[in-house]
Amino acid sequence: MTLESLKRLAQRIRLGKGPESPWATPLLLDRGALGEACLALDGQGYGSALWENDGSIWTMPIGPRSDPALVRLPLGEGSSPRIVLNAEGRGIALWQGVVAGERQILGQILGGERDTTHVVFRTAGRIHHLQAAVDRRGNALVVWLLELDGRHEVMAQAFDTRGLAWEQAPTTLGMPSSPAMEPHIAVNYKLHAMVLWEAEGGPAEGLVASHYWPSEHIWSDRPVPVVAHAARHHQVKMDDLGNALAIWIHEPHGQPSTLEASYYDGLRSEWQEPETLSRAVTFSTPRLVMSGGGVALAAWCQAEGPGTSRLFAKAFEKGRWQAGEEALDPGSGPIQDFSLDIAPGGTAGVLAAHGTAEGDQVSAFLRGRGWSAGIPLAPASALPCASPQLRICPLGTSAIWVRGEGRDKALLLAETRGKGSTPS
């Protein structure tokens, strides 16, 4: 056995499931015909899980600092739940509903005096890529892609805590497009924001950005170019100074794919030339996270041969990417899906659903001064595991995932054991 293998074995014994494990035993949140699920934490280790079960939206208090309530609360009929919280516990829950053939976006502001449900948007079209972000005061921005009459429009709408009111109507960002686009929003604690999407068939080709100024409550009148070629599966994040990072996959015809990145300088209001992070035959959808202090992490899976893939992470700090990437090794099985998150202080983690010889397993990798070995959160299962979601705050970590298929899926929650359990 090599020295490196011995080190990893020692890490697994010290950090694995056992008396000294930082993770508590997983809890069952719900079972049935489960749809999408999500979770959010505030800065004190309290939060909520939000999920769909057979056409209804449910929620439950969670968090590494909270006592397990296991009391599910109904929010109404709907699908596609989303939830975000700021460090003070203010945020927004979103989901989609259908009433008399009309599609609706419904939102509930969280952490205020009244948590009432509001119809944010109504349409005869279809709603895709629903997402939201909040600032330090709980002001919110909601972004989605509207498909109507063969056109696709990126739309945004704001909630202002001072008047406890939504904008009367959403703003359309850029020009309508015939091909489908995938918008992604990045926001900092002052609600400075940008939305990136891939434009095709218009005056601007490639990845473009629209900027939001919270003091004037306005969006830029035209999109700003980020990169002038195809940029699939992009991600974008912003720090507290208004700097931003974007990553994407470029797939030139007849050539290996590249994972690329660009940095937005908030002082100069300009995007830097793209740089290549990795090359491979194929990539999975990458993940990107960024702290308010400007520390960022990217994670991705890349194919390294027929039926094989590896999970990698790469750090960004002080305006530049580290020299090399780090391989996260959950074992010899394939990676089905993974989630990535980062705490304000820079502590980060990856939650991966992957195969093993005994079945599917969900493992956590926590990053303080360095990456831990993979920590299995539950025994391997003959049932498929999917949709891992991870959230980290300064006082702990929460993770959810789905096990099973069909109408007998199980939604599981695992959390660290409170203050001090997330490595520094």
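See the structure printed just above.
Cut-off values and rules
Residues numbered from 1 in each chain as written. Predicted model: local features only at pLDDT ≥ 70, side-chain atom pairs only at ≥ 80, totals over all residues. Heavy atoms only, no water. Helix = DSSP H or I, 4+ residues; strand = E, 2+ residues; numbered from the N terminus. Pairing = 2+ DSSP bridges. Axes fitted to C-alpha atoms, helices over the stretch in contact; angles between N-to-C directions. Phe/Tyr/Trp six-rings, centres within 6.5 Å; stacked < 30°, edge-to-face > 60°. Buried < 20%, exposed > 50% of the residue type's maximum accessible area, 1.4 Å probe, protein only. Lys NZ or Arg CZ within 6 Å of the ring centre and 35° of its normal. Disulfide = S-S within 2.5 Å. Polar contact = N/O pair within 3.5 Å; in protein donor to acceptor, adjacent residues only side chain to side chain. Contact = heavy atoms within 4.5 Å. Salt bridge = Lys/Arg side-chain N within 4 Å of Asp/Glu carboxyl O. Core = buried A, V, L, I, M, F, W, Y, C linked by side-chain atoms within 4.5 Å.

Q: How do you make sense of the environment of glycine 396 when you look at a structure like this?
A: Along the chain, glycine 396 falls in strand S35 (residues 396–403). In this structure, the C-alpha to C-alpha distance between glycine 396 and glutamate 415, residues 19 residues apart in sequence, is 7.6 Å.

Q: Please clarify how the sheet that holds strand S5 (residues 73–77) should be interpreted in this entry.
A: Sheets are built from strands that pair by backbone hydrogen bonding, the pairs being arranged parallel or antiparallel. With antiparallel pairing, 4 strands are arranged side by side in an open sheet as S2-S3-S4-S5. For this open sheet the edge positions go to strand S2 (34–41) and S5, each flanked by a neighbour on one side alone. Averaged over neighbouring strand pairs, the angle between their axes works out to 20° when direction is ignored. One ladder, built from 7 bridges, connects strand S3 (residues 47–53) with strand S4 (residues 56–62); its direction is antiparallel. Bridge assignment links tryptophan 51 to a residue of S4, and that residue is tryptophan 58.

Q: Would you mind showing me how to read the pairing of strand S6 (residues 79–85) here?
A: Regular strands have side chains that alternate between both faces of the sheet. Note that S6 and strand S7 (residues 91–99) share 5 bridges and pair antiparallel. Bridge pairing in S7 links leucine 85 to glycine 91. Linkage of S6 to S7, two consecutive antiparallel strands, is achieved through a turn of 5 residues, within which glycine 89 is found at a positive phi near 85°.

Q: Help me understand the packing of aromatic side chains, please; the structure alone is not making it clear to me.
A: Aromatic ring pairs: the centre-centre distance and the angle between the two ring planes describe each pair. All told, the structure shown has 7 aromatic pairs when counted by the stated rule. Taking the centre distance of 6.1 Å and the plane angle of 25° together, the rings of tryptophan 300 and phenylalanine 312 count as stacked. Within this pair, whereas tryptophan 300 is found in strand S26 (residues 296–305), its partner phenylalanine 312 is found in strand S27 (residues 308–317), the two being separated by 12 residues in sequence. A relative accessible area of 0% places tryptophan 300 in the buried class. Of the aromatic side chains, those joined through ring pairs into one cluster are Tyr263, Phe316 and Trp321. Above the ring of phenylalanine 338, the side-chain terminus of arginine 287 is found at 4.8 Å from the ring centroid.

Q: Is there a simple way to think about the state of the cysteines in this case?
A: Two cysteines, two sulfur atoms, one covalent bond between them: this is a disulfide. Considering all chains together, one arrives at 0 disulfides under this definition. Cysteine cysteine 38 shares no disulfide, and the gap to the nearest cysteine sulfur, in cysteine 393, comes to 17 Å. When its relative accessible area of 8% is taken as the criterion, cysteine 38 is described as buried.

Q: Just checking my understanding: could you explain the side chain of histidine 184 for this structure?
A: Here histidine 184 shows up in strand S15 (residues 184–187). On the basis of relative accessible area, histidine 184 is assigned to the buried category, the value being 17%. Polar side-chain contacts of histidine 184 include one of 3.1 Å to the side chain of glutamate 182. Only 3.4 Å separates the side chain of histidine 184 from the backbone oxygen of histidine 234, close enough to count as a polar contact. Leaving out residues up to four positions away in the same chain, histidine 184 has contacts with Gln131, Met194, Val195, Leu196, His234, Gln235 and Val236.

Q: Can you walk me through the sheet that holds S6 in this structure?
A: Here we have 4 strands laid out as an open sheet, ordered S6-S7-S8-S9, and antiparallel in their pairing. Of all strands in the sheet, those with a lone pairing partner are S6 and strand S9 (117–123), marking the two edges. Geometrically, the sheet is characterised by an average inter-axis angle of 20° between neighbouring strands, direction not taken into account. The sheet contact formed by strand S8 (residues 102–110) and S9 spans 6 bridges and is antiparallel. The residue of S9 that forms the bridge with arginine 103 is threonine 123.

Q: How should the pattern of salt bridges be read in this particular structure?
A: Close approach of charged atoms allows side chains of opposite charge to pair. As enumerated under the stated definition, the model contains 11 salt bridges in all. Across the pair aspartate 408 and arginine 31 runs a salt bridge, and its minimum N-O distance is 3.6 Å. Residue aspartate 408 is found in the loop between S35 and strand S36 (409–415), and its partner arginine 31 is found in strand S1 (residues 27–32); the two are separated by 377 residues along the sequence. By relative accessible area, which is 46% here, aspartate 408 ends up partly exposed. Note that arginine 151 and glutamate 153 form a salt bridge whose closest N and O atoms lie 3.7 Å from each other. Residue glutamate 153 is classed as buried on the basis of its relative accessible area of 14%.

Q: Can you walk me through the nonpolar core in this structure?
A: Core analysis: the largest hydrophobic core is formed by 19 residues, its most contacted members being Leu141, Val154, Val195 and Trp197. The biggest single contributor to this core is strand S16 (residues 193–199), with 4 residues. Setting aside residues up to four positions removed in sequence, valine 195 forms contacts with Val143, Val154, Leu173, Pro183, His184, Ile185, Val208, Ala209, Ser210 and Trp219. Val289, Leu297, Leu311 and Phe338 belong to the second-largest nonpolar core, a separate cluster that totals 18 residues.

Everything listed is a geometric property; what it means functionally is a separate question.
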